[in-house]
Amino acid sequence: LTGATRHPDHVALDIAGLGIVDVPWAIGADGMWSPLRRALGEQLDSYRGDWHAFRQYLTGVSERAQTELMIFFDADLLPGYAWSFPLADGRVNFGFGILRGSRLDGASMSRRWDDLLERRHIRAFIGEAAEPEGQRKAWPIPTRLPGPTLTAGRTLFVGDAAALGDPMTGEGIGQALASGIGAAEAILAHPDSVDEVDAAYTDWVAGHLEPDTRMANLLSRALQHRKGARAAIATAGLTPWTRRNFARWLFEDEPRGVLFTPKRLHTSFLRRDGAFVDGSPAN
């Protein structure tokens, strides 16, 4: 995308190799530095995200690491964390994320990397033979809801292009997919009205994503203090049930902001099967 122009009845996209393409609606799902947002004059000036993330693939990992997702809440990373999750070819995606302005900054993340890989509890999980491969990757994560404009005429922004990442975990794939659905539903419901689409999508984000963000902001502030972090981790680790359901709740298998939206409570809350049962995907 090399340019875009908004019009009352369409959006004109200037696409390299294709020229000008007119579309009735456009959805910007093109990341934090959205070229579409910038082309329309809606860029996020000087904004560099709220989280730093850093990752690399590992090969030669243990059998357990090849099949299990593991999250490490090490004290010096809080309110951030390290992760290891399996890939289809026997490797893992290993990395960590930190809140911008925390004790670690972007420049020190690379130095912390080698230290993390050699920590006893992490090495015990990934295996003694695990080795990094490929390039290390670092990137910012935008988590600012409510924040930048969600719409610009007949253009709607979703995911990182709308800064919809989770402020507690930095997770953004779920929010990207959900907001994409919300944007499409708003357009389908009101295909001929810019104002109604704007209102419908804004209401959808407020109802579906803002409650979880409010709760995440509260918890994130608590985890930035040593006593709050210790209390949260101790509570989460009391029993296998608390550990399992804390992980589900933390990564939104169940809505984190349910206290702010009681209508989302249901009789099977925190009792349904998770994404995986006995190592196999649940139906």
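Residues numbered from 1 in each chain as written. Predicted model: local features only at pLDDT ≥ 70, side-chain atom pairs only at ≥ 80, totals over all residues. Heavy atoms only, no water.

## Considerations on the overall build of the chain
Each helix and strand in the chain was counted, giving 9 helices and 13 strands. Look at the contacts in the chain between residues 6 or more apart in sequence, and 61% of them connect residues 24 or more apart. (Helix = DSSP H or I, 4+ residues; strand = E, 2+ residues; numbered from the N terminus. Contact = heavy atoms within 4.5 Å.)

## Regarding the sheet that holds strand S5 (residues 51-59)
Taken in spatial order, the 5 strands line up as S6-S7-S8-S5-S9 in an open sheet, and their pairing is antiparallel. On the outer flanks of this sheet lie strand S6 (70-72) and strand S9 (131-141), each paired with one strand and no other. In this sheet, adjacent strand axes meet at a mean angle of 15° when their direction is disregarded. Looking at chain direction, strand S7 (residues 81-86) and strand S8 (residues 92-99) are connected through 6 bridges and run antiparallel. The partner of Ala82 across the bridge, within S8, is Phe96. (Pairing = 2+ DSSP bridges. Axes fitted to C-alpha atoms, helices over the stretch in contact; angles between N-to-C directions.)

## Some remarks on the pattern of salt bridges
This structure, assessed with the given rule, holds 8 salt bridges. Put simply, Arg91 and Glu133 hold a salt bridge, and the shortest N to O gap is 2.6 Å. Taken as a pair, Arg91 in the loop between S7 and S8 and Glu133 in strand S9 lie far apart in primary sequence, 42 residues in all. One salt-bridge network, held together by shared partners, links Asp74, Asp76, Asp115 and Arg119. (Salt bridge = Lys/Arg side-chain N within 4 Å of Asp/Glu carboxyl O.)

## Focus: unusual backbone geometry
For Ala163, which is not glycine, the phi dihedral falls at a positive 60°. Its place among the elements puts Ala163 in the loop between strand S11 (155-157) and helix H5 (173-189). Of the residues examined, Ala163 reaches a relative accessible area of 0% and is grouped as buried. (Buried < 20%, exposed > 50% of the residue type's maximum accessible area, 1.4 Å probe, protein only.)

## Regarding the environment of Ile98
Locating Ile98 in the fold gives a position in strand S8. Look at Ile98 and you get buried, because its relative accessible area is 1%. The spatial distance from the C-alpha of Ile98 to the C-alpha of Gly80 is 4.4 Å, given a sequence separation of 18 residues.

## Structural notes on the sheet that holds strand S3 (residues 19-23)
In space, the 3 strands of this open sheet follow the order S1-S2-S3, with antiparallel pairing throughout. The open sheet has two free edges, formed respectively by strand S1 (3-6) and S3, since each of these has just one partner strand. Strand-to-strand twist of the sheet, defined as the mean angle between neighbouring strand axes without regard to direction, takes the value 20°. For S1 and strand S2 (residues 11-15), the ladder comprises 4 bridges, and the chain directions are antiparallel. Residue pairing across strands places Ala4 opposite Leu13, the latter belonging to S2.

## What about the nonpolar core?
One finds Leu36, Leu156, Phe157, Leu164, Tyr201 and Val205 to be the most contacted residues of the largest nonpolar core, which totals 25 residues. Those elements giving two or more residues to this core turn out to be S2, S11, H5 and helix H6 (194-208). It is H6 that provides the largest number of residues to this core, a total of 4 residues. Grouped together as the second largest cluster of nonpolar side chains are 19 residues, Phe72, Ala82, Val92 and Phe96 included. (Core = buried A, V, L, I, M, F, W, Y, C linked by side-chain atoms within 4.5 Å.)

## Overview of the environment of Thr143
Its place among the elements puts Thr143 in the loop between S9 and strand S10 (151-152). With relative accessibility at 11%, the residue Thr143 sits in the buried group. C-alpha of Thr143 to C-alpha of Gly159: the two residues are 16 residues apart in sequence and 9.7 Å apart in space.

## Focus on the packing of aromatic side chains
Across all of its chains, the model carries 5 aromatic pairs by this definition. Taking the centre distance of 6.0 Å and the plane angle of 70° together, the rings of Phe72 and Phe125 count as edge-to-face. Placement of Phe72 in strand S6 and of Phe125 in helix H4 (residues 120-126) is noted, with a sequence separation of 53 residues between them. A residue is classified by how much of its surface remains accessible, and Phe72, at 6% relative accessible area, is buried. Every member of this aromatic cluster is reached through a ring pair, and the members are Trp51, Phe73, Tyr81 and Trp83. The ring of Tyr57 has Arg55 lying over it, and the distance from NZ or CZ to the ring centre is 4.4 Å. (Phe/Tyr/Trp six-rings, centres within 6.5 Å; stacked < 30°, edge-to-face > 60°. Lys NZ or Arg CZ within 6 Å of the ring centre and 35° of its normal.)

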